[in-house]
Number of protein chains: 4
Amino acid sequence: MNKLEHNKQLKKEALFNTAFELFMTKGINKTTISDIVQKAGVAKGTFYLYFSDKYDVRNKLVSKKAGELFTKGYKELKATQITGTEDSVIYIIDYIINELQQDKALVTFIAKNLSWGIFRAALNTPIAAEENGLNFYDSFTNLIEENGDHFDNPEIMLFTIVELVGGTCHNCILYHEPLTMDEYKPFLYDTIHGIFQQHRKGMSSQSQ
Amino acid sequence: MNKLEHNKQLKKEALFNTAFELFMTKGINKTTISDIVQKAGVAKGTFYLYFSDKYDVRNKLVSKKAGELFTKGYKELKATQITGTEDSVIYIIDYIINELQQDKALVTFIAKNLSWGIFRAALNTPIAAEENGLNFYDSFTNLIEENGDHFDNPEIMLFTIVELVGGTCHNCILYHEPLTMDEYKPFLYDTIHGIFQQHRKGMSSQSQ
Amino acid sequence: MNKLEHNKQLKKEALFNTAFELFMTKGINKTTISDIVQKAGVAKGTFYLYFSDKYDVRNKLVSKKAGELFTKGYKELKATQITGTEDSVIYIIDYIINELQQDKALVTFIAKNLSWGIFRAALNTPIAAEENGLNFYDSFTNLIEENGDHFDNPEIMLFTIVELVGGTCHNCILYHEPLTMDEYKPFLYDTIHGIFQQHRKGMSSQSQ
Amino acid sequence: MNKLEHNKQLKKEALFNTAFELFMTKGINKTTISDIVQKAGVAKGTFYLYFSDKYDVRNKLVSKKAGELFTKGYKELKATQITGTEDSVIYIIDYIINELQQDKALVTFIAKNLSWGIFRAALNTPIAAEENGLNFYDSFTNLIEENGDHFDNPEIMLFTIVELVGGTCHNCILYHEPLTMDEYKPFLYDTIHGIFQQHRKGMSSQSQ
DNA sequence: AATGAATGAGGCTTCATTCAT
DNA sequence: TATGAATGAAGCCTCATTCAT
């Protein structure tokens, strides 16, 4: 029973991981369900016991992978002495960018499939078991409070930053256009500082 | 002769326009070449006389449509009294956003397929015949000069703005997440002003 | 289980036989995979479960059909009193020629697609289940030994005979050119006797 | 006019030669009419002014190429001191085999498409302009007479030799199966001598 | 729960042939 | 004569999905 339950989980995991691997190497469009089950070593029908189709797998993967990046970045941050909301956020961003630079396929995968909706789901994913179900968004809020900061619209600020980072990184990492990621970083972080400034000043007064 | 050449052009146009229409309504993945030729009223083989496959059509369309948006925005700007680099740029962005709000399919189409590479091609497309081959990037440079402005890295500034606008609009227009486009606009334009400031101050000193 | 496996075999057989029938009547070039599956009463995809393309079927068929001819000829021989290597070989050849005269399509099919490589594969095919896996080439060797014959290069002799018979029969049976099969037979068999003589004398001495 | 006529001939020649080149390199099945006209530098419609389809070109080519081989072999023979029917025939065969060994594509092309019918047409082609329209078959007959030889059925003898050589060479040159061409030559020529013997003795008595 | 043989709709692409110029 | 754009039938092959075991 336990073993059975365990076996079930194993198959699902195998499908999940194999799908990710193939999505990374061949792209989603060119990855077939046959490819996935064959590489995972399960029967075709089994796929349909766990997923409805390959886009189902994709969505779950995007969310998971984006969440993992944040989790890792957050853990790294905690291992440093860094304080201050801006520095912390930039530290995490920098960490994620460095990770992505080493995995171009992941950039495409996330960039092409990450909507703010899925993204927010990722932000709400518990960061790690040992953190008592703390998620990234909560920790972001904590960070602000700990540092005595105040932003009128922290979510909008985050949204702005995330979209800016996402779009620019995609181009710089994949195409080195208009400049390489390393060349662009100083400009990017400067722009992010500017966005923090903007939201500290309080946009709410003029937003209506 | 002339007639023959003209007829050829007509067929190509028909395919081009029909493909766009179908990409908008059904999406690229679900649009087949059969769909395109049938709706365009030409034979299947004719498609292959002008395009290598549907992705070929897509790339040409993305570039063309993005270029058209800028051209239209630029023309509208010229019909106003607006001066000043920032105001002009924001006017064009606002114009484009308004256009896109009325054509959600176009948002998806452009957002999913626009890399900075294709984008720059669009920027280099002549704005309009009557403007003597002036393209958007030139006119942007002119604008800066006319207003006695100076930016150390105008292209990087533009890149930053374009990616920011692209990513945020995509979410706001399509998903109203985390807020609607109209709600987000003030924040967006404020951020853009910030980016102008940043580049006016001169980032080049710290960019190495 | 058994039933499943059996069903699988049935489908494959159906495809195999149908393909042969169509190759015979329409020729390979004009036989389409659609034709085959339709006539065999299976789905198109099923074809690809068992064969990679129609040339795959062809190769397997040529080998099989050539093997069958030899097997039948050999069995007929065993039912006679004939002894002697030459007489036995000529008996089998005569039997095969008579068969082929009644199936011109088979002549074309085999003649156009039979290389010595495929042919040798056919010769190595077990003649019949009840013969304990004896194949034609073995039985040819046995025949020689039983009759106390000796040939320095039996394989080369066989090769020469087979190519001679193949080429001449093809023309005589299909085109009656330069004479009919029946007219040519005496010449052919005389030539074959000559080839036996040649190899009995021992060519190996002069072959270098 | 003359020029026009000449131009016409040029186009036809271009198509003819280009087709041959492509048949050799890509095979007939994979050579399209588009390929031919494109490489020949003429319009598609022009092809149909001179040939009915690609098989029309093929037949004309096979006959021409086979004829050329004989013509060249015959000319070479004339440049030697060789006399005697057998030696002469074997000289020509040896010459042709050597030529074919250097052009494997030509082996396939001729072997797959040469029926005795087309072949005889080739044999009847005038050997060379300067020989007063003498063709190979005539010269073969002359050869026999000059040497005071007598064969009851010279055509059948030639047929037997041609088919034997054709089939065996095909395998030996292309697949080196069951041995290489050079290894097989002594056996082949010995067999040919045997065939001459057979027909010298007079088969006619037993052929009815 | 797991299998994997079978399905067949539907996509892509090629290419011989025509015909108006 | 020569052209080459246009045709559209026809072939190949894939692959998501089902279902009997």
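In this text the structure is predicted, and so the values were computed from the model without any measurement.

Q: Requested: an account of the protein's contact with DNA strand F, with residues and values cited.
A: Surveying the vicinity of DNA strand F reveals 28 residues, the closest of which are B:Thr46, B:Tyr50, C:Lys44, D:Thr46 and D:Tyr50. In the interface set of DNA strand F, defined as its atoms within 4 Å of the protein, sugar plus phosphate atoms amount to 68%. Between DNA strand F and the protein, one listed contact pairs a phosphate oxygen with a side-chain N or O atom of D:Lys11 at 3.2 Å. Mapped onto the surface near DNA strand F, the elements with two or more residues apiece are helix 3 (44-50) of chain A, helix 1 (2-26) and helix 3 (44-50) of chain B, helix 3 (44-50) of chain C together with helix 1 (2-26) and helix 3 (44-50) of chain D.

Q: How would you explain the protein's contact with DNA strand E if you had to name every residue and give the values?
A: Near DNA strand E lie 29 residues; those nearest to it are A:Thr46, A:Tyr50, B:Thr32, C:Thr46 and C:Tyr50. What you see for DNA strand E is that sugar and phosphate hold 66% of its atoms within 4 Å of the protein. Separating a base nitrogen of DNA strand E from a backbone N or O atom of A:Gly45 is a distance of 3.2 Å. At 3.1 Å, a side-chain N or O of C:Lys11 approaches a phosphate oxygen of DNA strand E.

Q: Give me the pattern of salt bridges: which residues, what numbers.
A: Working definition: two side chains of opposite charge can pair if their charged atoms are close together. Enumeration according to the criterion identifies 32 salt bridges over all chains in this entry. The partner of C:Lys26 in a salt bridge is C:Asp35, with the nearest N and O atoms 2.8 Å apart. One connected set of salt bridges, linked through shared partners, spans A:Glu86, A:Asp149 and A:Arg200.

Q: Could you give an account of the packing of aromatic side chains, with specific residues and numbers?
A: Applying the stated rule across the entire model yields 32 aromatic pairs over all chains. Taking the centre distance of 6.0 Å and the plane angle of 35° together, the rings of A:Phe23 and A:Phe109 count as tilted. With A:Phe23 in helix 1 (residues 2-26) and A:Phe109 in helix 6 (residues 104-113), this pair connects stretches of sequence that are 86 residues apart. With respect to class, A:Phe23 is no different from A:Phe109; both count as buried. Between D:Phe47 and D:Tyr48, the ring centres sit 5.4 Å apart and the planes meet at 75°, which makes this aromatic pair edge-to-face.

Q: Please provide a residue-by-residue account of the relation of the copies chain B and chain A, values included.
A: Between chain B and chain A, the superposition needs a rotation of 180° and an axial shift of 0.0 Å, giving an RMSD of 0.1 Å. Taken together, these values place the two copies in the relation of a two-fold axis. Considering only C-alpha atoms, the residue of chain B closest to the rotation axis is B:Leu164, which sits at 2.3 Å. A share of 100% of the interface residues of chain B reappears at the interface of chain A, consistent with the copies meeting face to face through the same patch.

Q: Let's hear about the side chain of A:Glu163: which residues, and what values?
A: With respect to the element layout, A:Glu163 can be found in helix 9 (residues 154-175). Within polar-contact distance, the side chain of A:Glu163 engages the side chain of B:Asn171 at 2.5 Å. Contact partners of A:Glu163, with chain neighbours within four places excluded, come to A:Trp116, B:Glu163, B:Gly167, B:Thr168 and B:Asn171.

Q: So what about the packing of helix 6 (residues 104-113) of chain B against helix 9 (residues 154-175) of chain B? Which residues, and what values?
A: Residue and element names in this part refer to chain B. With their axes 10 Å apart at the nearest point, helix 6 and helix 9 run at an angle of 150° to one another. Judged by the twist between their axes, the crossing of helix 6 over helix 9 is left-handed. In this structure, helix 6 contributes Lys104, Val107, Thr108 and Ala111 to the contact, and helix 9 contributes His170, Ile173 and Leu174. When the residues that make up the contact of helix 6 with helix 9 are grouped by side-chain class, the tally is four nonpolar, two polar and one charged.

Q: Explain the UniProt feature "domain: HTH tetR-type" (unreviewed entry) in chain A to me, using residue names and the numbers behind them.
A: As annotated in UniProt, the feature "domain: HTH tetR-type" (unreviewed entry) corresponds to residues 9-69 of chain A in the numbering used here. Along residues 9-69 of chain A the backbone is 80% helical and 0% strand, and the end-to-end C-alpha distance reaches 23 Å.

Q: Give me the lowdown on the interface of chain B and chain A, citing residues and values where you can.
A: In this assembly, 31 residues from chain B lie in contact with 31 residues from chain A. Of all residues in chain B, B:Phe159, B:Pro178 and B:Phe187 bury the most surface against chain A, accounting for 20% of the area lost on that side. The interface formed by chain B and chain A holds zero salt bridges in total. One can count ten residue pairs in polar contact (both at pLDDT 80 or more) joining chain B with chain A. Elements represented by at least two residues in the side of chain B that touches chain A include exactly helix 7 (116-124), helix 9 and helix 10 (181-201) of chain B. Per-element accounting of the side of chain B that touches chain A gives the leading share, eleven residues, to helix 9 of chain B. Considered class by class, the residues forming the side of chain B that touches chain A number 13 nonpolar, twelve polar and six charged.

How each quantity is defined
- Residues numbered from 1 in each chain as written.
- Chains lettered and ligands numbered in written order.
- Predicted model: local features only at pLDDT ≥ 70, side-chain atom pairs only at ≥ 80, totals over all residues.
- Heavy atoms only, no water.
- Near = heavy atom within 4 Å.
- Polar contact = N/O pair within 3.5 Å; in protein donor to acceptor, adjacent residues only side chain to side chain.
- Helix = DSSP H or I, 4+ residues; strand = E, 2+ residues; numbered from the N terminus.
- Salt bridge = Lys/Arg side-chain N within 4 Å of Asp/Glu carboxyl O.
- Phe/Tyr/Trp six-rings, centres within 6.5 Å; stacked < 30°, edge-to-face > 60°.
- Buried < 20%, exposed > 50% of the residue type's maximum accessible area, 1.4 Å probe, protein only.
- Least-squares fit on C-alpha atoms with pLDDT ≥ 70 in both.
- Contact = heavy atoms within 4.5 Å.
- Axes fitted to C-alpha atoms, helices over the stretch in contact; angles between N-to-C directions.
- Left-handed = near helix turned anticlockwise from the far one by under 90°.
- Nonpolar A, V, L, I, M, F, W, Y, C, P; charged D, E, K, R; others polar.
- UniProt positions renumbered as here; feature names shortened; annotations may be inferred.
- Buried area = accessible area lost by both parts, 1.4 Å probe.

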